[in-house]
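Residues per chain are reported as follows:
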Amino acid sequence: MTTIYFVRHCKPDGTNKDDRNRPLTAEGEADSFKVCDILKDKKIDLFISSPYKRSFDTIKPAADFYGKQIETDERLRERQAGENSFDTFRKRWSDFDFAEEGGECLNSVQKRNIAALFDILDKYDGKTIALGTHGTALSSIMNYFDKNFAADQFLRIANFMPYIVKMDFDSKKLVCKEDIFYLDKEYSD
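The structure displayed is predicted, hence computed values, not measured ones.

Caption draft 1: Representation of the nonpolar core in the model. Of all hydrophobic cores here, the largest spans 30 residues; its most connected members are I4, F6, W93, L117, I120 and M167. Those elements giving two or more residues to this core turn out to be β1 (2-8), β2 (46-49), α3 (86-94), α4 (106-123), β4 (128-133), α5 (135-145), α6 (151-157) and β5 (160-170). Among the elements that line this core, the one with the most residues is α4, at 7 residues. The contact partners of M167, leaving out residues within four places of it in the chain, are T2, T3, I4, F6, L138, I141, M142, L174, C176 and K177.

Caption draft 2: Looking closely at the packing of aromatic side chains. On inspection of all chains with the given rule, the structure shows 11 aromatic pairs. For the ring pair F89 and F154, a centre distance of 5.5 Å and an interplane angle of 35° mean the geometry is tilted. In this pair, F89 sits in helix α3 while F154 sits in helix α6, placing the two residues 65 residues apart along the sequence. A network of ring pairs unites the aromatic residues F89, W93, F96, F149 and F154 as a single cluster.

Caption draft 3: Seen up close, helix α2 (residues 53-66). Taking 1.5 Å as the rise per residue, α2 with 14 residues should run 20 Å; its terminal C-alpha atoms sit 20 Å apart, in good agreement. Of all bends in α2, the biggest is about 40°, found at K60, and the proline P61 comes one to four residues later. For α2, the full list of buried residues reads R54, S55, T58, I59, P61, A62 and A63. Structurally, α2 contributes buried residues whose contacts are with β1, α1 (26-39), β2, β3 (70-72) and β4.

Caption draft 4: Just the sheet that holds β3, in detail. Taken together, the 6 strands give an open sheet; going across it, the order is β3-β2-β4-β1-β5-β6, and neighbouring strands pair in mixed fashion. Across the chains shown, the open sheet's two edge strands, defined by having one partner strand only, are β3 and β6 (173-184). Geometrically, the sheet is characterised by an average inter-axis angle of 20° between neighbouring strands, direction not taken into account. In this sheet, β3 lies alongside β2 in parallel orientation, the contact comprising 3 bridges. Counted as the bridge partner of S49 is T72 from β3. In the packing of α2 onto the sheet, the strands contacted are β1, β2, β3 and β4, and the crossing angle to β2 comes to about 170°.

Caption draft 5: Region of interest: the state of the cysteines. Overall, the coordinates contain 0 disulfides when judged by the stated rule. The closest cysteine sulfur to the non-disulfide-bonded C10 is located on C36, 11 Å from its own sulfur. For C10, a relative accessible area of 0% gives the class buried.

Caption draft 6: The side chain of T3, seen in detail. Among the secondary structure elements, T3 is positioned in strand β1. A polar contact is formed between the side chain of T3 and the side chain of D168, at a distance of 2.6 Å.

Caption draft 7: Structural view of the environment of Y52. Relative to the assigned elements, Y52 resides in the loop between β2 and α2. Not counting residues within four places of it along the chain, the set of residues in contact with Y52 comprises D19, R20, R77, E78 and H134.

Caption draft 8: The arrangement of the environment of G126 in detail. Counting through the fold element by element, G126 comes out in the loop between α4 and β4. Along the backbone, G126 and T2 are 124 residues apart, and their C-alpha atoms lie at a distance of 4.4 Å. In this view, G126 contacts M1 and T2; residues no more than four positions away in its chain are not counted.

Caption draft 9: Region of the structure containing α1. Taking 1.5 Å of rise per residue, the 14 residues of α1 would be expected to cover 20 Å, and the 20 Å separating its terminal C-alpha atoms lies within 8% of that figure. Turning to α1, its buried residues number three or more, namely G28, D31, S32, V35, C36 and L39. For α1, the secondary structure elements touched by its buried residues are β1, α2, β4, β5 and β6.

The rules behind the values
Residues numbered from 1 in each chain as written. Predicted model: local features only at pLDDT ≥ 70, side-chain atom pairs only at ≥ 80, totals over all residues. Heavy atoms only, no water. Core = buried A, V, L, I, M, F, W, Y, C linked by side-chain atoms within 4.5 Å. Buried < 20%, exposed > 50% of the residue type's maximum accessible area, 1.4 Å probe, protein only. Helix = DSSP H or I, 4+ residues; strand = E, 2+ residues; numbered from the N terminus. Contact = heavy atoms within 4.5 Å. Phe/Tyr/Trp six-rings, centres within 6.5 Å; stacked < 30°, edge-to-face > 60°. Expected span 1.5 Å × (residues − 1). Bend = angle between axes of the 7 residues up to and from the residue. Pairing = 2+ DSSP bridges. Axes fitted to C-alpha atoms, helices over the stretch in contact; angles between N-to-C directions. Disulfide = S-S within 2.5 Å. Polar contact = N/O pair within 3.5 Å; in protein donor to acceptor, adjacent residues only side chain to side chain.

From the geometry alone we can't say anything about function, so treat these as descriptive.
The following block contains the structure:
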């Protein structure tokens, strides 16, 4: 059995438009220590993250607590976003191949995140892992294992920053999913 604690990042600085290097807000930084408190008794073997600063920094206090380095995987990055509106959001979730101009379709996000996840499950079978991620990336993973996870479920968790979901896998089969912790934050870009 492999256990992964998926950790959606804490609240980022919405004024910073550099998506890859967007830092956490002061509130988000403080909340990253709450993430550490949740993870510190979970016997984490390793830490893996999206290369984006907000995801990496969210799990860094926990990695430091365990004395572990954080591996990054480019495939775990967030969806490339173009112009966004409620209509394009709904269209993306109803048609996984739709992408707005300059954006990335959910099918692409899901394929690269699942490929990364399956590689992690193969390489670290039997381990307990903390994985720093993003809302859309995590939602695409949850949709892969449960097709009922769609637009409404994504909207339910849209402001959960951080959001920790525990998933247990037998090889590549999801056997259990449990919400562990979340803080409901208002987020604006």
